[in-house]
Amino acid sequence: MGLTTYGERRAAFRKNVATTVDESFETTVGDYYEDLYRFAFSLAKNPADASDLVQETYLKFANKRKQIRDMSKVKSWLFTTLYRLYLAIYRKQTKFPKVELEDAGAALPSTPPQQELSLEGGVVLEALEKIDEKYRAPLSLFFLDSLSYQEISDVLSIPIGTVMSRIHRAKAMLKKSLRLDRADSGERGEA
Amino acid sequence: MKDEVAISCCRGKDEGVREIDKLRERAGSDAALRARIEQEERFDQEVRAAWQRDCLAPPALAQQILDHVEDRTVRDGVITLSRRTLQTFALAACATLLAVGIWWLQARGDGGAGDSFVEFRQDMIQFASTDGIELDLKTNDLNRISGWLSQEQAPLPNALGPVASLETLGCKIIKWGEGKATLLCFRDQEGRVVHFFAIDREGMARGPEGQGPVLEAGEAEGPETLVWNCPDHFYLAFFDDEEVSVSELL
């Protein structure tokens, strides 16, 4: 007797085929989805696309995880895959022209020094969004604090030295955007 | 300037990064430098805390991921089951044709582009031995190469391994079998050219095992090669000059 309805076939498939979502997969989701979401959000700049990127990353992981021989590299693999998905899908859809850091920096209004650090109400997110993606991606991975420099280098396919110089430049821009550029304002009185 | 870069990148957990290690060592006897690093780390902590507070994953995202993956897998599986009868005949016919085709190709001594890394290695050595390889993109900017390869959907190397420190000359996309391989050319300090190839490991049999670069001794008519892998790709590198041992890169 054959299976007649979609539901029956679906149930049979669930029963007979080794399911993709097992305990170790769930653990991997639980371990990394929040950091992956933050990284995705920093790239895509909106929650819907960030969630889609994370879901597609895990779908790819589900299909390919048997090919990953060194499970200690799963975290790097996930970040690398997410970044490539972003490059392949979302970057092409960018409607706004890319702005190099130097140009953007020159265009930022000159702001008076601010003595107190106020990072309330999404100020950091707004400031991060202003940074060109080339610098924003390494800066986001730096602030996530879960990848080593070698891993960041692998994820972004750039040398460690370049990772570090981009982080430095991105932070300079972030500070400027947060009105905290110490080069202009001097010490904040904390040191 | 180098100090400023290293100060920006201090996280208190990056032992092994030479610039940061040196900076921290100096900070041990330099109070001003130590204060500057601490100030930078306080800034990092405040930004990190604000970012983590303001950028939260949707509460249901973890479950959505599990549902999404399971649904896609099950849906694909059900479609496979419902079409199985027809596909069985079709697959049997295809398999027969394929077997005959492979036998015919092997019988005439022309294997074509196969799916094993051994064949890929041989083909790329032969390709590199031809005179006048015209690079698709000539630049020493790895970021530009990376962007271009992404755009062209060619294998994008993410583990340059022993060639990472060499001067980049450019890249070329090579059609191999049904897919694409990427060639990056580098130059070492003595001006010798290194060919570096990347190929998707999906569907590729008999690729290099292990994590680090592995030296493969040269065959009678081929150079020594270095091979290694990452989750997505297999990598192959060798000098343009067969007389040079690729072990110099290790």
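What you see is a predicted model, and the numbers here were worked out from it, not measured in a lab.

### A look at the packing of aromatic side chains
The description of an aromatic ring pair rests on the distance of the ring centres and on the angle between the ring planes. Here the structure, examined in full by the defined rule, presents 17 aromatic pairs over all chains. Their ring planes at 65 degrees and their centres at 5.1 Å tell us that Phe142 of chain A and Phe143 of chain A sit as a pair that is edge-to-face. Here the two residues Phe142 of chain A and Phe143 of chain A agree in accessibility, since each one is buried. The interplanar angle of 45 degrees and the centroid separation of 5.7 Å between the aromatic rings of Phe196 of chain B and Trp228 of chain B together place this pair among those described as tilted. With Phe196 of chain B in strand β4 (residues 193-200) and Trp228 of chain B in strand β6 (residues 225-229), the pair connects residues that are 32 residues apart, well separated along the chain. With a relative accessible area of 0%, Phe196 of chain B lands in the buried category. Here the aromatic residues Phe117, Phe120, Trp176, Phe197, Phe234 and Phe238 of chain B are joined through ring pairs into a cluster of three or more. The positively charged end of Arg11 of chain B is found above the aromatic ring belonging to Tyr149 of chain A, 4.8 Å away from the centroid. Lying across the ring of Phe142 of chain A, Arg48 of chain B places its NZ or CZ 5.8 Å from the centre.

### Observations concerning the environment of Ile125 of chain B
Residue and element names in this part refer to chain B. With respect to the helices and strands, Ile125 occurs in helix α6 (residues 117-129). Taking the relative accessible area as the measure of exposure, Ile125 reaches 13% and is therefore buried. Counting along the chain gives 112 residues from Ile125 to Ala237, while the straight-line C-alpha distance between them is 9.6 Å. Those residues in contact with Ile125 that sit more than four places away from it in its chain are Gly222, Pro223, Thr225 and Phe238.

### With respect to the packing of helix α1 (residues 2-9) of chain B against helix α2 (residues 18-27) of chain B
All names here are of chain B. The contact between α1 and α2 brings their axes to 9 Å, and the two run at 95 degrees. Taken as axis vectors, α1 and α2 run roughly perpendicular relative to one another. On the side of α1, the interface is formed by Asp3, Ala6, Ile7 and Cys9, while α2 contributes Glu19, Ile20, Leu23 and Arg26.

### A word on the side chain of Asn158 of chain B
Structurally, Asn158 of chain B can be placed in the loop between α7 (142-151) and β2 (167-176). Setting aside anything within four residues of it in sequence, one finds Asn158 of chain B in contact with Thr80, Arg84, Asp154 and Ser157 of chain A together with Cys230, His233 and Tyr235 of chain B.

### Regarding a negative patch on the surface
All names here are of chain B. Taken together, the side chains of Asp240, Asp241, Glu242 and Glu243 define an acidic patch exposed on the protein surface. In this structure, Glu242 sits in the segment after β7 (233-239). The partly exposed category is assigned to Glu242, whose relative accessible area is 46%.

### A word on the nonpolar core
Counting 73 residues, the largest nonpolar core has Phe39, Val54, Tyr58, Tyr149 and Leu174 of chain A as its most contacted members. Among the elements that make up this core, the one with the highest residue count is helix α2 (residues 23-44) of chain A (ten residues). Look past the residues within four positions of Tyr58 of chain A in its chain and what remains in contact with it is Phe25, Thr28, Val29, Tyr32, Tyr33, Leu36 and Leu78 of chain A together with Ile65 and Val69 of chain B. Membership of the second largest hydrophobic core comes to 26 residues, among which are Val163, Ala198, Tyr235 and Val246 of chain B.

### Comments concerning the confidence of the model for chain A
Low pLDDT means the predicted atomic positions in that stretch should not be read closely. Residues and elements named next belong to chain A. The predicted model of chain A has a mean per-residue pLDDT of 75, with 66% of residues at 70 or higher. Per-element averaging of pLDDT across chain A places helix α5 (residues 101-107) at the bottom with 35 and helix α7 (residues 133-144) at the top with 94. Every residue in residues 13-19 scores below 50 in pLDDT, and together they form ten contacts with partners more than four places removed in sequence or on other chains. Of the regions scoring below 50 in pLDDT, residues 181-191 engages in 18 contacts with residues more than four places distant in sequence or in other chains.

### With respect to the interface of chain A and chain B
The interface of chain A with chain B comprises 74 residues on the first partner and 67 residues on the second. Together, the buried faces of chain A and chain B total about 6400 Å²; carbon and sulfur atoms form 60% of this surface. When the buried surface of chain A facing chain B is broken down by residue, Arg38, Arg69 and Phe143 of chain A rank first, second and third, together holding 11% of it. The salt bridge partner of Lys171 of chain A is Glu40 of chain B, with a shortest N-O separation of 3.0 Å. Run the count over chain A and chain B and you get 20 residue pairs in polar contact (both at pLDDT 80 or more). Sorting the residues of the side of chain A that touches chain B by element identifies α1 (6-16), α2, α3 (47-64), α4 (74-90), α6 (123-130), α7, α8 (149-156) and α9 (160-177) of chain A as the ones contributing at least two each. Each residue belonging to the side of chain A that touches chain B can be placed in one class, and the counts come to 35 nonpolar, 16 polar and 23 charged.

### Considering the pattern of salt bridges
Tallying each qualifying case throughout the model produces 19 salt bridges over all chains. Between Glu4 of chain B and Arg36 of chain B there is a salt bridge, with its nearest N and O atoms 3.3 Å apart. Linking Glu4 of chain B in helix α1 with Arg36 of chain B in helix α3 (residues 31-54), this pair joins segments that are 32 residues apart in sequence. Take Glu4 of chain B: its relative accessible area is 31%, and that puts it in the partly exposed class. It is possible to trace a salt-bridge network through shared partners that takes in Lys171 and Lys175 of chain A together with Glu4, Arg36, Glu40 and Asp44 of chain B.

Cut-off values and rules
Residues numbered from 1 in each chain as written. Chains lettered and ligands numbered in written order. Predicted model: local features only at pLDDT ≥ 70, side-chain atom pairs only at ≥ 80, totals over all residues. Heavy atoms only, no water. Phe/Tyr/Trp six-rings, centres within 6.5 Å; stacked < 30°, edge-to-face > 60°. Buried < 20%, exposed > 50% of the residue type's maximum accessible area, 1.4 Å probe, protein only. Helix = DSSP H or I, 4+ residues; strand = E, 2+ residues; numbered from the N terminus. Lys NZ or Arg CZ within 6 Å of the ring centre and 35° of its normal. Contact = heavy atoms within 4.5 Å. Axes fitted to C-alpha atoms, helices over the stretch in contact; angles between N-to-C directions. Parallel < 35°, antiparallel > 145°, perpendicular 65-115°, else oblique. Patch = residues over 30% accessible without salt bridge, like charges linked within 9 Å, V, L, I, M, F, W, Y side chains within 5 Å. Areas by Shrake-Rupley, 256 points an atom, 1.4 Å probe, with all protein chains shown as cover. Salt bridge = Lys/Arg side-chain N within 4 Å of Asp/Glu carboxyl O. Lys, Arg positive; Asp, Glu negative; His and termini not counted. Charge placed at Lys NZ, Arg CZ, Asp CG, Glu CD. Core = buried A, V, L, I, M, F, W, Y, C linked by side-chain atoms within 4.5 Å. pLDDT = per-residue confidence, 0-100. Buried area = accessible area lost by both parts, 1.4 Å probe. Polar contact = N/O pair within 3.5 Å; in protein donor to acceptor, adjacent residues only side chain to side chain. Nonpolar A, V, L, I, M, F, W, Y, C, P; charged D, E, K, R; others polar.

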